[in-house]
Amino acid sequence: MPLKMHVESNIGQHPGTLAKWLQAFRLHYVPTSIFPALLGSVIAWATYREFNYWYVVLVIVGTALHHIGLNMIDDVFDYLHAVDQIHGEAKNPYTGGSGVLTEGLLPARHVLLASVLCYLIGLMIAVYLTVHVGWPVLLFAVIGVFSSVFYTMPPIRYGYRGFGELSLLLNFGPVICLGAFYVQTGSISWNRS
C-alpha cells in the first residue's frame, strides 16, 4: 500500500505585500556583507582596543542596506535583460534572482525605487561616518556602490563580462573589512603609531 502524503501547495496563491518585499530583499545573502564588517571591527578592537558601538551599528546597517539595494538592482537589470527567465519547472536557488519580477509579484520600477532608497540611506550613513571619521569612508562607500550598481547595469555590466567573481572577492573581502576597520581606527595601516 503506497504511502499518501498531503502536501499543501501555494500554487495560485500570491504572498502578501511584506512577503513579496522580503523575497525581493533576499535577506539570506546579506550576512555575506555583515560578516566582513564585523571582522574589520573586531580586528580594530583586538589590535588597538578601539571599538565604537554606534559606528559598528551604522556600518552594519549601511552594509546591509547596500546589499539589499544590490540584490534588488541586480534583479531589475537581470530581468530587463531577460537573464532571469525561468526555463522549465526547476529553479536554481542561486540563480534567477528573487523571482518577484519574473513571477509578476512586484513591478520593476517599484523594486528599482526601493533599491535607490536603500543606496541613498546607505550613502547618508557613509557621509555621516565620513564627517566623524574621515574621507576614506566615502571612498570605500563609492567603490562599493560603483561595483554593485554596474555589476548588471549598462553600460558597463561587468558581471556579464567575466569580472563578477573578482568584484565579489574584492568587495566582500578587503573593501568591507578594511572599511569597517577604518571606521573604528581612522587608519588603514596595521602598524599605526
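Keep in mind that what you see is a predicted model, and the values were worked out from it rather than measured.

Q: Go over the overall build of the protein chain with me, naming the residues and quoting the values.
A: Along its length, the protein chain carries six helices and zero strands. Each helix and strand of the protein chain, ordered N terminal to C terminal, gives the series α-α-α-α-α-α. Evaluated residue by residue, the protein chain yields a buried proportion of 41% over its 193 residues. For the protein chain, the share of sequence-separated contacts (at least 6 apart) that also reach a separation of at least 24 residues comes to 72%. Only carbon and sulfur atoms are counted for the fraction: they give 69% of the accessible area of the protein chain, which is about 11600 Å².

Q: How would you sum up the side chain of Gln 184? Please name residues and give values.
A: Here Gln 184 is to be found in helix H6 (residues 164–185). Classification of Gln 184 by relative accessible area gives buried; the value is 7%. In contact with Gln 184, other than residues within four places in its own chain, are Ser 41, Ala 44, Glu 50, Phe 51, Asn 52, Tyr 55 and Val 56.

Q: Give a detailed account of the packing of aromatic side chains, specifying residues and quantitative values.
A: In this structure the tally under the stated criterion is five aromatic pairs. A centroid spacing of 6.1 Å and a plane angle of 45° characterise the contact between Trp 21 and Phe 25, whose relative ring orientation is tilted. Here the residue Trp 21 and the residue Phe 25 both occupy positions in helix H1 (residues 17–25), the gap between them amounting to four residues, near one helical turn. On the numbers, 4.9 Å between centres and 80° between planes, the contact of Phe 51 with Tyr 53 is edge-to-face. Relative accessible area serves as the criterion here: at 30%, Phe 51 is assigned to the partly exposed category. For Arg 49, the ring lying beneath its charged end belongs to Trp 45, and the centroid distance is 4.6 Å.

Q: Now, about the environment of Gly 179: what can you tell me, with residues and values included?
A: If you trace the backbone, Gly 179 turns up in helix H6. Taking C-alpha positions, Gly 179 is 7.6 Å from Ala 37, a pair spaced 142 residues apart along the chain. Apart from residues lying up to four places away in sequence, Gly 179 is in contact with Phe 140 and Pro 174.

Q: Got a sec to walk through the pattern of salt bridges? Specific residues and values, please.
A: In total, this model carries two salt bridges according to the counting rule given. Residue Arg 26 pairs with Asp 74 through a salt bridge whose shortest N-O separation is 3.8 Å. Note that Arg 26 is positioned in the loop between H1 and helix H2 (31–48) and Asp 74 in helix H3 (residues 53–80), a separation of 48 residues in sequence. Of the two residues, Arg 26 and Asp 74, neither departs from the other in class, the shared state being buried. Three or more residues joined by partner-sharing salt bridges are found here, namely Arg 26, Asp 74 and Asp 75.

Q: Let's hear about helix H4 (residues 108–132): which residues, and what values?
A: Taking 1.5 Å per residue as the helical rise, H4 with its 25 residues ought to reach 36 Å, and the 36 Å between its terminal C-alpha atoms agrees with that figure. When we look at burial in H4, the residues that qualify are Val 111, Ala 114, Ser 115, Cys 118, Tyr 119, Gly 122, Ile 125, Ala 126, Leu 129 and Thr 130. Buried residues along H4 sit in contact with H1, H3, helix H5 (136–149) and H6.

The rules behind each value
- Residues numbered from 1 in each chain as written.
- Predicted model: local features only at pLDDT ≥ 70, side-chain atom pairs only at ≥ 80, totals over all residues.
- Heavy atoms only, no water.
- Helix = DSSP H or I, 4+ residues; strand = E, 2+ residues; numbered from the N terminus.
- Buried < 20%, exposed > 50% of the residue type's maximum accessible area, 1.4 Å probe, protein only.
- Contact = heavy atoms within 4.5 Å.
- Areas by Shrake-Rupley, 256 points an atom, 1.4 Å probe, with all protein chains shown as cover.
- Phe/Tyr/Trp six-rings, centres within 6.5 Å; stacked < 30°, edge-to-face > 60°.
- Lys NZ or Arg CZ within 6 Å of the ring centre and 35° of its normal.
- Salt bridge = Lys/Arg side-chain N within 4 Å of Asp/Glu carboxyl O.
- Expected span 1.5 Å × (residues − 1).

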